[in-house]
Amino acid sequence: MTVGKDVRYPTLILSFNSLNQEKYYLYLIIITINLQSQLFKLNYKIKNCSKNVVNCMQTDNLELKKLVYLYLMNYAKSQPDMAIMAVNSFVKDCEDPNPLIRALAVRTMGCIRVDKITEYLCEPLRKCLKDEDPYVRKTAAVCVAKLHDINAQMVEDQGFLDSLRDLIADSNPMVVANAVAALSEISESHPNSNLLDLNPQNINKLLTALNECTEWGQIFILDCLSNYNPKDEREAQSICERVTPRLSHANSAVVLSAVKVLMKFLELLPKDSDYYNTLLKKLSPPLVTLLSGEPEVQYVALRNINLIVQKRPEILKQEIKVFFVKYNDPIYVKLEKLDIMIRLASQANIAQVLAELKEYATEVDVDFVRKAVRAIGRCAIKVEQSAERCVSTLLDLIQTKVNYVVQEAIVVIRDIFRKYPNKYESIIATLCENLDSLDEPDARAAMIWIVGEYAERIDNADELLESFLEGFHDESTQVQLTLLTAIVKLFLKKPSETQELVQKVLSLATQDSDNPDLRDRGYIYWRLLSTDPVTAKEVVLSEKPLISEETDLIEPTLLDELICHIGSLASVYHKPPSAFVEGSHGVHRKHLPVQHSSIDTGESPVSGGPAAAMDQPHVIPSQGDLLGDLLNLDLGPPVNVPQVSSMQMGAVDLLGGGLDSLLGGDLGGGVGGSPAVGQNFIPSSVPSTFAPSPTPAPAAAVSSGLNDLFELSTGMAITTGGYIAPKAVWLPAVKAKGLEISGTFSRRQGHMYMDMTFTNKALQHMTDFAVQFNKNSFGMIPTSPLPIHTPLMPSQSIEASLPLNTIGPVMKMDPLNNLQVKTHTLAQWGKRQVFLATWKDIPNENELQYQIKECHLNADTVSGKLQNNNIYTIAKRNVEGQDMLYQSLKLTNGIWILAELRIQPGNPNYTLSLKCRAPEVSQYVYQMYDAVLKN
């Protein structure tokens, strides 16, 4: 047959006349589909073929109908007239006695995306949604979701959404599952609507259907359950009990969906309950079982386990051997296992972990070996007791002289030096022996940093750094910057011996370099050294903050959101859906539920009822205990932040004089600076979080308002008397161990305030109140510490007004007016708990005892004198006639010291026991005690 622009095939049709009707239709459709699929690519058309195919819909043969429907789904979009011809047949088939044909017709209707025929399909679809056969009903439910994607308004007007909600109560579990799936898909495009209308009655129906539907139906229902917020912990526990059997399902997707539900509802269970601990134990075996599947399944499971371990490491803390690498694991599985091993590493299992990592460091895969060496360093930083063993392991690896192992080990040792300064410097000589073999920028920069940081302990430090200086312009920017700083450090430590060397590096950095970062740093160092060497020494040789292994953890807010997406692509990418799904359609943020009541937390639920619509924000505490960590509270007095006008800042030259001669000309203007920052408040480890209801932000959150827009605020009195919402209870006492906080926002004299009332409804008095704002949409932060300086006694209330401004860090929140504030307080018995736990945590070898002689004071007088000198008494008790004072103090460099002072009435000699993580300061603390008590 010759193919032309117009192909007619009546001859082909006539050749089948000898066949019976059934075979005639079958061959006709097969030939038409095959022929048109080939010619369609070449833009050819077969005249009249569509009409013949549509006529074939009249057959009673189910297989023929499937072929016809397949043809219609493929070519309806390009030939809409053909779809219109088939409308009557669709309507007729929707009333066929055979339920398979009815379901086939309604499924095909949903797949034909032609606007012209959608209005004709409403009535057949409505009948199928109420069909007596469950197979037809479940197919119709999915069809509603497809039709909604084509014409959402029509679906709403025709009442199909209400019909879908009715199907949730259907007697057939598969109908329920498909109805849930359809409503979930539709609700993604309407994130603020409550299409599913989840309530205890509907949840019970879903849980009943969960046991009987197929595995994919179970996934739909479990995903729906994860979006439900139980009204109390009893309901949460009941749901968890009915979901737990899904953990033993053979399908890994069902298991992960069940894990997601349980991880979310764990937030609502009290951590000290037996069921909470039992549930944690039940979560471990199914996660371990997922690692016995194919490598691809293992990888997805490991990515999800990584999130779970960061949120609740106790689930898998006993299963670390499961994550030991196998020889035949793909590299992507090996790397994920390695990461989880480090997250689960603890003092109890560190010996096993280090033995494994040392074995991995001898593998042939270079990337894996590097990761293994880096993991040894992370173990040293995470588990302090293992640091010495880790350093010994790294030295053994350096002795292997394998180039990439040596270089990675030096990078890791640099980090260990930063974590434990002045502790392992004896190995520097071994590191210097390998200096010539370093050719990677990271390793060279690490070695240069070590030499510069400990230059006073290395006799030939100047020679070593000068050897790097020979190829200065060939080095990477990272190495150049590190080398510049290291030589300046060396000069400040040995000025008489290295003057020429520092002049050389400054000249190379400023005059011969095109890199602006390097040039700017060189100029700053040159100005500091030439004008004020003492200040230069304070700046360059200042104490560095200790590094932490936790720097690679996912930010808590993002982690909570990813936990809500366990089993999806978001949990594999470790990114929220909005980061990789184009457009905003179908993407909305999810959050873990907040706890309603718990013994050790102060959380209250997010109100979803009418109360949430109030203008006044509601205080919602976050996870954790209201009792703060004593060692993280800054007990110093508030520091006033000076206000510097723009004119004053513009006239300040931070670099002083002398730069003109360095550059050979005038720079043309002063360098502006920012005002000094006061003491940083370190939040306690157990915060409570404030969050407003989803209403517009208060007017005070907008900096300066319209006045500043028109420059009217300067020198102009701002009228007062604006509306101030009445105080609302932000933190109920039953949710926060007896502390009740109510408050409102106000604006007075052009300034914003958070007006609060603190009421102690507990039996213990409370002290040391503090707040900290998280990042928010308007940059709101307090301008001073919370003005509560006296203990809050039982049944007493204190009014506090906290001034606010809008110069803090800004981060867009969802909703936009979401404001999270951490509040901290200590009850007296809470202090004792923290003191005791910290005392036990500090090694016994760090405890030192001293005698304070000839001191004739009683215990109360001693406590008062020491408190006047910022040494605080945590507890007092009498043991066998001795008065025991338990005290704490904090040095200006952040070191905390715990003390036990024994006073025997009538005995002028006191026994002082001191414990801290830096025992070398204990001698000086003892001298301070002696001087204070005897003065």
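Quick summary incoming for the structure in this document. Bear in mind that the values here come from a model prediction, so they are computed numbers and not experimental data.

Glancing now at the overall build of the protein chain. Within the protein chain, the secondary structure is distributed over 39 helices and 15 strands. Relative to its full complement of 935 residues, the protein chain shows a buried share of 49%.

Turning our eyes to something else, we now look at the environment of L933. Along the chain, L933 turns up in helix 39 (residues 922–934). Put simply, L933 and C855 are 78 residues apart on the chain and 7.1 Å apart in space, counted from C-alpha to C-alpha. Beyond its immediate chain neighbours, meaning those up to four positions away, L933 contacts I852, C855, L857, V862, K865, L866 and Y910.

Let us look at helix 22 (residues 366–382). Taking 1.5 Å per residue as the helical rise, helix 22 with its 17 residues ought to reach 24 Å, and the 24 Å between its terminal C-alpha atoms agrees with that figure. Of all 17 residues that make up helix 22, 12 are buried, and the element is covered over most of its length. Those residues of helix 22 that fall on the buried side of the exposure criterion are F368, V369, R370, A372, V373, A375, I376, G377, R378, C379, A380 and I381. On its buried face, helix 22 is in contact with helix 20 (331–344), helix 21 (350–360), helix 23 (387–399) and helix 24 (403–419). For helix 22, the N-terminal cap is D365; the gap from its side-chain oxygen to the backbone nitrogen of D367 is 3.1 Å.

With 8 of its 10 residues buried, strand 5 (residues 739–748) lies for the most part within the structure. Strand direction decides the pairing type here: strand 4 (residues 728–731) and strand 5, joined by 3 bridges, are antiparallel. Paired with V729 across the bridge in strand 5 is S742. Relative to strand 6 (residues 751–760), strand 5 runs antiparallel, the two being bridged by 10 bridges. Following the sheet pairing, T744 is matched in strand 6 by D755. Here strand 5 hands over to strand 6 after 2 residues, with Q749 in that stretch at a positive phi of 55 degrees.

Once that is clear, we can look at the sheet that holds strand 14 (residues 896–903). Read from one edge of the open sheet, 5 strands run 11-15-14-13-12, paired in antiparallel fashion. A strand with exactly one partner marks an edge of an open sheet, and here the two such strands are strand 11 (847–852) and strand 12 (872–879). The average angle at which neighbouring strand axes cross in this sheet is 20 degrees, direction not considered. Both strand 12 and strand 13 (residues 882–890) contribute to a ladder of 7 bridges, which runs antiparallel. In the sheet register, Y872 faces strand 13, and the bridge partner there is S888. Set on the sheet, helix 38 (residues 859–868) makes contact with strand 12, strand 13, strand 14 and strand 15 (910–916); between it and strand 13 the angle comes to about 5 degrees. Packed onto the sheet, helix 39 meets strand 11, strand 13, strand 14 and strand 15 and runs at close to 25 degrees relative to strand 11.

Core analysis: the largest hydrophobic core is formed by 188 residues, its most contacted members being L357 and F417. No other element matches the 10 residues that helix 28 (residues 477–493) contributes to this core. Discounting chain neighbours no more than four positions away, the residues touching L357 are L338, M341, I342, A372, A375, I376 and C379.

Turning next to a negative patch on the surface. A contiguous patch of negative charge on the surface is contributed by E463, E466, E470 and E500. Looking at the secondary structure, you find E463 in helix 27 (residues 461–469).

What follows concerns the pattern of salt bridges. All told, the structure shown has 28 salt bridges when counted by the stated rule. Across the pair E95 and K127 runs a salt bridge whose closest N-O atoms are separated by 2.9 Å. Placement of the pair is E95 in the loop between helix 6 (87–93) and helix 7 (99–111) and K127 in helix 9 (residues 122–129), with a sequence separation of 32 residues. Residue classification places E95 among the exposed positions, given a relative accessible area of 53%. For the salt bridge of R102 with D131, the shortest nitrogen-to-oxygen distance reads 2.8 Å. One end of the pair, R102, is in helix 7; the other, D131, is in the loop between helix 9 and helix 10 (134–150), with 29 residues separating them in the sequence. Accessibility expressed as a relative area gives 11% for D131, which makes it buried. Residues joined in a network through salt bridges with shared partners are E267, K311, R312 and D560.

Here the focus is the environment of P782. Relative to the assigned elements, P782 resides in strand 8 (residues 781–782). Assessed through its relative accessible area of 21%, P782 is described here as partly exposed. Spatially, the C-alpha atom of P782 lies 7.6 Å from that of Q772, the residues being 10 residues apart in sequence.

Here we take up the packing of aromatic side chains. Across all of its chains, the model carries 7 aromatic pairs by this definition. Arranged with centres 4.8 Å apart and planes meeting at 85 degrees, the rings of Y573 and F580 form a pair that is edge-to-face. Given a relative accessible area of 42%, Y573 falls into the partly exposed group. Look at F580 and you get partly exposed, because its relative accessible area is 29%. Pairing Y850 with Y926 gives two aromatic rings, centres 4.7 Å apart and planes at 10 degrees, and the pair type is stacked. In this pair, Y850 sits in strand 11 while Y926 sits in helix 39, placing the two residues 76 residues apart along the sequence. Here Y850 and Y926 have matching classes, each one buried. Over the ring of Y753 we find R748; its NZ or CZ atom is 4.1 Å from the centre of that ring.

This part takes up unusual backbone geometry. A positive phi angle, close to 55 degrees, is found at E854, a residue other than glycine. Take E854: it is sitting in the loop between strand 11 and helix 38. Positioned with a positive phi, N870 is a non-glycine residue whose angle comes to about 65 degrees. Within the secondary structure layout, N870 lies in the loop between helix 38 and strand 12.

This paragraph deals with the side chain of S863. Relative to the helices and strands, S863 resides in helix 38. The contact partners of S863, leaving out residues within four places of it in the chain, are T873, L885 and Q887.

In this section: the packing of helix 38 against helix 39. Here helix 38 crosses helix 39 at 115 degrees, and the two axes come no closer than 10 Å. Regarding the angle of helix 38 to helix 39, the classification is roughly perpendicular. Here helix 38 and helix 39 pass one another in a crossing that is right-handed. Note on element contacts: helix 39 touches helix 38 through Y929, V932 and L933, opposite V862, K865 and L866. When its residues are assigned to classes, the contact of helix 38 with helix 39 shows 5 nonpolar, no polar and 1 charged.

Rules used throughout
Think of each chain on its own: its residues are numbered from 1, step by step along the sequence as written. This being a predicted model, a pLDDT of at least 70 is required before a residue's local features are given, and a value of 80 or more before pairs of side-chain atoms are given or counted; all residues contribute to the totals for chains, interfaces and linings. Processing note: side-chain calculations cover all non-hydrogen atoms of the structure and skip hydrogens and water entirely. Every helix listed is a DSSP run of H or I at least four residues long, and every strand listed is a run of E at least two residues long, numbered separately from the N terminus. Each residue's exposure class comes from its accessible area (1.4 Å probe, protein chains only) as a fraction of the maximum for that residue type: buried when under 20%, exposed when over 50%, partly exposed otherwise. What makes two residues a contact is simply this: any of their non-hydrogen atoms within 4.5 Å. Expected span of a helix: the number of residues minus one, times 1.5 Å. In protein, a polar contact means a hydrogen-donor-capable atom and an acceptor-capable atom, both N or O and within 3.5 Å, with residues adjacent in sequence counting only if both atoms are side-chain atoms; elsewhere, any N or O pair within 3.5 Å suffices. Only strands that DSSP links by at least two bridges are regarded as paired with each other. Every angle, taken between N-to-C directions, lies between 0 and 180 degrees, and every axis is a line fitted to C-alpha atoms, over only the stretch in contact when it is a helix. In these notes, a set of buried Ala, Val, Leu, Ile, Met, Phe, Trp, Tyr and Cys residues joined through side-chain atoms within 4.5 Å is what counts as a nonpolar core. Note that patches include only residues with greater than 30% relative accessible area and no salt bridge, and the join distances are 9 Å for like charges and 5 Å for nonpolar side chains (Val, Leu, Ile, Met, Phe, Trp, Tyr). Residue exposure ignores everything except the shown protein chains as possible cover, and the areas themselves are Shrake-Rupley values with a 1.4 Å probe. Whenever a carboxyl oxygen of Asp or Glu lies within 4 Å of a side-chain nitrogen of Lys or Arg, that contact is scored as a salt bridge. His residues and chain termini do not enter the charge count, which takes Lys and Arg as positive and Asp and Glu as negative. Charged side chains are reduced to one point each, which is NZ for Lys, CZ for Arg, CG for Asp and CD for Glu. Only centres within 6.5 Å qualify two rings of Phe, Tyr or Trp (six-membered ring in Trp) as a pair; their planes then separate them into stacked at under 30 degrees, edge-to-face at over 60, and tilted for everything else. Here, a charge over a ring is recorded when the distance from Lys NZ or Arg CZ to the ring centre is within 6 Å and its angle to the ring normal is within 35 degrees. Roughly parallel means an angle under 35 degrees; roughly antiparallel, over 145; roughly perpendicular, 65 to 115; everything else is oblique. Should the near helix be turned anticlockwise from the far one by less than a right angle, the crossing is termed left-handed; should it be turned clockwise, right-handed. Only Asp, Glu, Lys and Arg are considered charged in this grouping, and only Ala, Val, Leu, Ile, Met, Phe, Trp, Tyr, Cys and Pro are considered nonpolar; every other residue, Gly among them, is considered polar.

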